[in-house]
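Observations on the model geometry
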Amino acid sequence: MSSAAPATGLFDCRDAFARTLEDLAANDPRIVAVCNDSVGSSKLGGFRSKFPERLINVGIAEQNMIGVGAGLANGGKIPFVSGASCFLTGRALEQIKADVAYSQTNVKLCGMAAGIAYGELGPTHHSIEDLAWLRPLTPLTIIVPSDPWEMEEAVKACVDHEGPVFLRVSRMPVPKLERTNPVFRIGKAERLREGSDVTLIANGTMVHRALDAASLLAASGISAAVVNMSTINPLDEDVILEAAAAGPIVTVEEHSVRGGLGSAVAEVVSTRRPTPMRILGFPGFLPTGSAEFLMEHFGLTATGIANAAHEVLIAKAA
């Protein structure tokens, strides 16, 4: 258990992803990278310079890219297959389903710039459906890191984990979270703040915002716990049930409100420990605009999260 708050400074988690991958590859010749003409946006330039024979650029051919990754895995390699999440998951979903998840190949899918990081490019480049598409593929581990430290630990865990993984990599800058005795384990949620009135469950870019919301709530006399649910498949159901037993739950994600973290939590709560809930995310196709505009417009801010907590507490009391 740790007590966390956002530290100063903002960081691009892609840098932690690339740096860690390079460090691991220096000592493990099985690690290779496969990309879809996305060396720059995947931050794989350093990897290409250090290991030119271990980076395969298939061009803009995402379906082929998944097949190449599966073949490399079947040949004993550990392929990190990287591309913009909207294209990696949208264009190649059938190949992910058949060649990676169903076949349980040791492929590490890296969905870059997930969520609304490409805000101004509009709905074609928003990736707010990726988790909903992938969650039903039960052999596929899904990880949504919250900051550079967790991204680094997640990449290490991907190498050690035998089986397919989807790693959701944001390009939106986030602060490093202050942690006491941090430990990352696939399938285990992280309690970042204790609270007794309401629990805020978040992942990825929303975790530091949930922590800020908890501070706002504390100022108004509401004790809010914060849980970082970085793995949503497999899901830490025990932590969800503990939260439901304590009181209402608010989930927060940079994703559609349908099929992502909120839906996963609601599936557990509704069938095993009903409690009032609010699911914060995006309602559907979004307007074109900057990521910060979209976050503000749809209430994915500390104030918006705190307001949702107030609403769910009022609903409980009614």
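Throughout what follows, the structure given in this document is the object of discussion. (Residues numbered from 1 in each chain as written. Predicted model: local features only at pLDDT ≥ 70, side-chain atom pairs only at ≥ 80, totals over all residues. Heavy atoms only, no water.)

1. Remarks on the sheet that holds strand β7 (residues 190–193)
Ordered in space as β7-β9-β8-β11-β12, the five strands form an open sheet in which the pairing is mixed. One side of each edge strand has no neighbouring strand; the edge strands of this open sheet are β7 and β12 (277–282). Direction aside, the axes of adjacent strands within the sheet are offset by 25° on average. Inspection of the sheet shows strand β8 (residues 198–202) paired to strand β11 (residues 249–256) by four bridges, in the parallel sense. (Pairing = 2+ DSSP bridges. Helix = DSSP H or I, 4+ residues; strand = E, 2+ residues; numbered from the N terminus. Axes fitted to C-alpha atoms, helices over the stretch in contact; angles between N-to-C directions.)

2. Concerning helix α7 (residues 148–160)
With 13 residues, α7 should reach 18 Å at 1.5 Å per residue; the first-to-last C-alpha distance of 19 Å fits that figure. For α7, every residue scored as buried is listed here: Pro148, Glu150, Met151, Ala154, Val155, Ala157, Cys158 and Val159. (Expected span 1.5 Å × (residues − 1). Buried < 20%, exposed > 50% of the residue type's maximum accessible area, 1.4 Å probe, protein only.)

3. Section: the nonpolar core
Ranked by internal contacts, the top residues of the largest apolar core, which has 40 residues, are Ile116, Val198, Leu200, Val250 and Val252. Those elements that provide at least two residues to this core are α4 (85–91), β8, α8 (207–219), β9 (224–228), β11, β12, α11 (291–297) and α12 (302–317). No other element matches α12, which puts seven residues into this core. If near-sequence neighbours (up to four positions away) are discounted, Val198 is found in contact with Ile222, Ser223, Ala224, Ala225, Pro248, Ile249, Val250, Ala309, Val312 and Leu313. Within the second largest apolar cluster, 37 residues are counted, among which are Met65, Leu134, Phe166 and Ile201. (Core = buried A, V, L, I, M, F, W, Y, C linked by side-chain atoms within 4.5 Å. Contact = heavy atoms within 4.5 Å.)

4. Digging into the pattern of salt bridges
Counted by the stated rule, this structure contains 16 salt bridges. A salt bridge links Lys43 to Asp15; the nearest nitrogen and oxygen atoms lie 3.2 Å apart. Of the two residues, Lys43 is situated in the loop between β1 (31–35) and α2 (45–50) and Asp15 in helix α1 (residues 13–27); the sequence distance between them amounts to 28 residues. Note that Lys156 and Glu152 form a salt bridge whose closest N and O atoms lie 3.3 Å from each other. Taken together, the residues Lys156 and Glu152, both in helix α7 and four residues apart, mark about one turn of the helix. Each of Asp147, Glu150, Arg179 and Glu190 takes part in one network of salt bridges that share partners. (Salt bridge = Lys/Arg side-chain N within 4 Å of Asp/Glu carboxyl O.)

5. Some details on the side chain of Thr231
Here Thr231 shows up in strand β10 (residues 231–233). Side-chain polar atoms of Thr231 contact the backbone nitrogen of Gly187, separated by 3.1 Å. When sequence neighbours within four positions are dropped, the list of residues in contact with Thr231 reads Ile142, Ile143, Arg185, Ile186 and Gly187. (Polar contact = N/O pair within 3.5 Å; in protein donor to acceptor, adjacent residues only side chain to side chain.)

6. Side note on the packing of aromatic side chains
Counted by the stated rule, this structure contains two aromatic pairs. Look at Phe282 and Phe298: their rings are 5.7 Å apart centre to centre, the planes differ by 85°, and that puts the pair in the edge-to-face class. Here Phe282 is found in strand β12, whereas its partner Phe298 is found in the loop between α11 and α12, with 16 residues between them in sequence. Using a relative accessible area of 0% as the deciding quantity, one classes Phe282 as buried. Lying across the ring of Phe51, Arg54 places its NZ or CZ 4.5 Å from the centre. In this structure, Lys176 is placed above the aromatic ring of Phe11, and the distance from its NZ or CZ to the ring centre is 4.5 Å. (Phe/Tyr/Trp six-rings, centres within 6.5 Å; stacked < 30°, edge-to-face > 60°. Lys NZ or Arg CZ within 6 Å of the ring centre and 35° of its normal.)

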